[in-house]
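Chain residues, written in single-letter form:
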Amino acid sequence: MFFRTPPRLSPGPTLSFVPIALLAVLFASGCAHSSDTEAAPAKVAPAAAATPGDAVAGEAVYLRICIVCHQYNGLGLPGAFPPLAGVSIVTAPDPGKIIRIVLHGLQGPVDVDGTTFNSIMPPPAPALSDQEAADVLSYVRNEWGNEAAPVTVEAVTAIRAQGTRATPWTWAELEKL
Ligand code: HEC
């Protein structure tokens, strides 16, 4: 009698593929695991303590120094002193420019939300302390409807440490920072 063996699917390629694939997976997971362990212990330095300016103390600074030009209502005087109320420069998320302005002054053309002023704001004399600068800027960022995060004393300290200036900033210089 002759029995014909039914055609068999060759198991060859499938069976040999499985262990290779398995090995590849094990190898890959092994690698991933070891690189995880290497990356893990990166230590993050604790954030430096931040001291937000005190807007109440800042009002007193404003009434002593800034009010002469920027006025009680923060609207300044048209053609002479720019407003601080409702002004995007004042409420910018990064207070770097306004910190520099109160430390060193500002001169030359500046576009204040569509109105150009071309005058000079001398640096306050005597100079504001880091605390006073943080306080007065925190006040102007939260007065007359302005709403922006207070300015920290540390931010003022860090910018003052970048150096003194013989002349007030120009807006062009501030924009390049
Ligand atoms: C002697 C007048 C005078 C005093 C005092 C003064 N400023 Fe100014 N301030 C100006 C002038 C003028 C400009 C516009 C300068 C320019 O044209 O480049 C200005 C510009 C500014 C600007 C940028 C423009 C804007 O409208 O946002 C800010 C912010 C600012 N002053 C904040 C202050 C703060 C805060 C104080 C108090 C610590 C102060 N100023 C004190 C006259 C003054």
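Residues numbered from 1 in each chain as written. Predicted model: local features only at pLDDT ≥ 70, side-chain atom pairs only at ≥ 80, totals over all residues.

1. Comments concerning the overall build of the protein
Part 1 of the reasoning: Within the protein, the regular secondary structure consists of 7 helices and 3 strands.
Part 2 of the reasoning: The buried share among the 177 residues of the protein stands at 26%.
Part 3 of the reasoning: Within the protein, residue pairs in contact and separated by at least 24 positions form 69% of the contacts whose partners lie at least 6 positions apart. (Helix = DSSP H or I, 4+ residues; strand = E, 2+ residues; numbered from the N terminus. Buried ≥ 20, exposed ≤ 12 C-beta atoms within 10 Å, placed from the backbone. Contact = placed C-beta atoms within 7 Å.)

2. Points about the confidence of the model for the protein
Low pLDDT means the predicted atomic positions in that stretch should not be read closely.
Part 1 of the reasoning: Averaged over all residues, the pLDDT of the protein equals 85, while 73% of them reach at least 70.
Part 2 of the reasoning: Below pLDDT 50 for its whole length, residues 15–37 participates in 0 contacts with residues either more than four positions away or in separate chains. (pLDDT = per-residue confidence, 0-100.)

3. Details of the packing of helix H5 (residues 130–140) against helix H6 (residues 153–160)
Part 1 of the reasoning: Packing of H5 against H6 leaves a shortest axis separation of 8 Å and a crossing angle of 125°. By the criterion of interaxial angle, the relationship of H5 to H6 is oblique. Two packed elements cross with a definite hand, and for H5 against H6 that hand is right-handed. Where H5 approaches H6, its residues Asp130, Gln131, Ala133 and Ala134 are matched on the opposing element by Val153, Val156, Thr157 and Arg160. (Axes fitted to C-alpha atoms, helices over the stretch in contact; angles between N-to-C directions. Parallel < 35°, antiparallel > 145°, perpendicular 65-115°, else oblique. Left-handed = near helix turned anticlockwise from the far one by under 90°.)

4. A short note on the packing of helix H4 (residues 96–104) against H5
Part 1 of the reasoning: Axis separation between H4 and H5 bottoms out at 10 Å; the angle between their running directions is 125°. With respect to H5, the axis of H4 lies oblique. As for how H4 packs across H5, the hand of that crossing is right-handed. Counting all contacts with H4, which are made through Ile98, Ile99, Val102 and Leu103, the residues of H5 involved are Ala133, Val136 and Leu137.
Part 2 of the reasoning: Its residues assigned to classes, the contact of H4 with H5 shows 7 nonpolar, no polar and no charged. (Nonpolar A, V, L, I, M, F, W, Y, C, P; charged D, E, K, R; others polar.)

5. Points about unusual backbone geometry
Part 1 of the reasoning: Across the junction of Ala125 and Pro126, the peptide omega takes the value 0°, indicating a cis bond.
Part 2 of the reasoning: Assignment of secondary structure puts Pro126 in the loop between strand E2 (115–121) and H5.
Part 3 of the reasoning: Even without a glycine there, the phi angle at Asp113 is positive, about 45°.
Part 4 of the reasoning: Looking at the element boundaries, Asp113 is found in the loop between strand E1 (106–112) and E2.
Part 5 of the reasoning: Exposure remark for Asp113: the 11 C-beta atoms within 10 Å place this residue in the exposed category.
Part 6 of the reasoning: Even without a glycine there, the phi angle at Trp144 is positive, about 55°.

6. Focus on the pairing of E2
Part 1 of the reasoning: Of the strand pairs in this sheet, E1 and E2 are connected by 7 bridges, and their pairing is antiparallel. Within the sheet, the bridge partner assigned to Val110 lies in E2 and is Phe117.
Part 2 of the reasoning: The antiparallel hairpin formed by E1 and E2 contains 2 residues in its connecting segment, where Asp113 sits at a positive phi of about 45°. (Pairing = 2+ DSSP bridges.)

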